[in-house]
Amino acid sequence: QVQLVESGGGLVQAGGSLRLSCAASGRTFSSYAMGWFRQAPGKEREFVAAISWRGGNTYYADSVKGRFTISRDNAKNTVYLQMNSLKPEDTAVYYCAARYGLSSRWYGEYDFWGQGTQVTVSS
């Protein structure tokens, strides 16, 4: 079992930055690929970024590439999402997720989810 708790969301103006954190419980965190997803009102949950269990491989949605950076610290059981140059269309609830094994862009392949943290970008 892996329990995930996100933090770092909030209200920011367009062009600003936020860093989300996701703290994981469990001793096997380093065995899990981690992903960030987001869901805006009335929309489906969408992939944002993913990172392999060692952190050597990262993947991004085209909409955030060059603006967001995913990273992880296995010693701290934490994964991060640095979000720069935020846009109003980035407004959503952001979720982190864990998947045993390889990274994936498909939310249906993740085993554990956090409760989400709200990110609101004002224009």
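Values in this document were obtained by computation on a predicted structure and should not be read as measured data.

### Things to note about the sheet that holds strand β8 (residues 78-83)
For step 1, the next point in the chain: Strand order across the open sheet formed by 4 strands is β1-β3-β8-β7, with antiparallel pairing between neighbours. Lying at the two open borders of the sheet, with one neighbouring strand each, are β1 (4-7) and β7 (68-73). Between one strand and the next, the sheet's axes are offset by a mean angle of 15°, whatever the strand orientation.
For step 2, the next point in the chain: By the bridge criterion, 6 bridges tie strand β3 (residues 18-24) to β8 in an arrangement that is antiparallel. Pairing of Ala-23 across the sheet is with Thr-78, part of β8.

### Focus on the pattern of salt bridges
For step 1, the next point in the chain: Evaluated as defined, the whole model comprises 5 salt bridges.
For step 2, the next point in the chain: Among the charged side chains, a salt-bridge network with shared partners connects Arg-38, Glu-46, Arg-67 and Asp-90.

### A word on the packing of aromatic side chains
For step 1, the next point in the chain: Under the counting rule described, the total for this entry stands at 8 aromatic pairs.
For step 2, the next point in the chain: Seen from their ring centres, Phe-37 and Tyr-110 are 5.2 Å apart, and the 75° between their planes marks the pair as edge-to-face. With Phe-37 in strand β4 (residues 32-39) and Tyr-110 in the loop between β9 (92-100) and β10 (112-113), the pair connects residues that are 73 residues apart, well separated along the chain.
For step 3, the next point in the chain: Ring centres of Phe-37 and Trp-113 lie 5.2 Å apart, and the angle between their planes is 55°; on these two criteria the pair is classed as tilted. On the criterion of sequence distance, the pair formed by Phe-37 in strand β4 and Trp-113 in strand β10 is long-range, its members being 76 residues apart.
For step 4, the next point in the chain: Here Phe-37 falls in the buried class, since its relative accessible area comes to 0%.
For step 5, the next point in the chain: By the ring-pair criterion, three or more aromatic residues cluster together here, those being Phe-37, Phe-47, Tyr-95, Tyr-110 and Trp-113.
For step 6, the next point in the chain: Here the basic side chain of Arg-45 rests over the ring of Tyr-95, its NZ or CZ set 3.9 Å away from the ring centre.
For step 7, the next point in the chain: When the ring centre of Phe-29 is taken as origin, the NZ or CZ atom of Arg-72, which lies over that ring, is 4.5 Å away.

### Describing the state of the cysteines
For step 1, the next point in the chain: For the structure on display, the rule yields 1 disulfide.
For step 2, the next point in the chain: Between the sulfur atoms of Cys-22 and its disulfide partner Cys-96 the distance amounts to 1.9 Å. Negative torsions about the S-S bond denote left-handed disulfides, and the value of about 45° found for Cys-22 with Cys-96 makes this one right-handed. Here the residue Cys-22 occupies a position in strand β3, and Cys-96 occupies one in strand β9, the gap between them amounting to 74 residues.
For step 3, the next point in the chain: Taking the relative accessible area as the measure of exposure, Cys-22 reaches 0% and is therefore buried.

Conventions we followed
- Residues numbered from 1 in each chain as written.
- Predicted model: local features only at pLDDT ≥ 70, side-chain atom pairs only at ≥ 80, totals over all residues.
- Heavy atoms only, no water.
- Pairing = 2+ DSSP bridges.
- Helix = DSSP H or I, 4+ residues; strand = E, 2+ residues; numbered from the N terminus.
- Axes fitted to C-alpha atoms, helices over the stretch in contact; angles between N-to-C directions.
- Salt bridge = Lys/Arg side-chain N within 4 Å of Asp/Glu carboxyl O.
- Phe/Tyr/Trp six-rings, centres within 6.5 Å; stacked < 30°, edge-to-face > 60°.
- Buried < 20%, exposed > 50% of the residue type's maximum accessible area, 1.4 Å probe, protein only.
- Lys NZ or Arg CZ within 6 Å of the ring centre and 35° of its normal.
- Disulfide = S-S within 2.5 Å.

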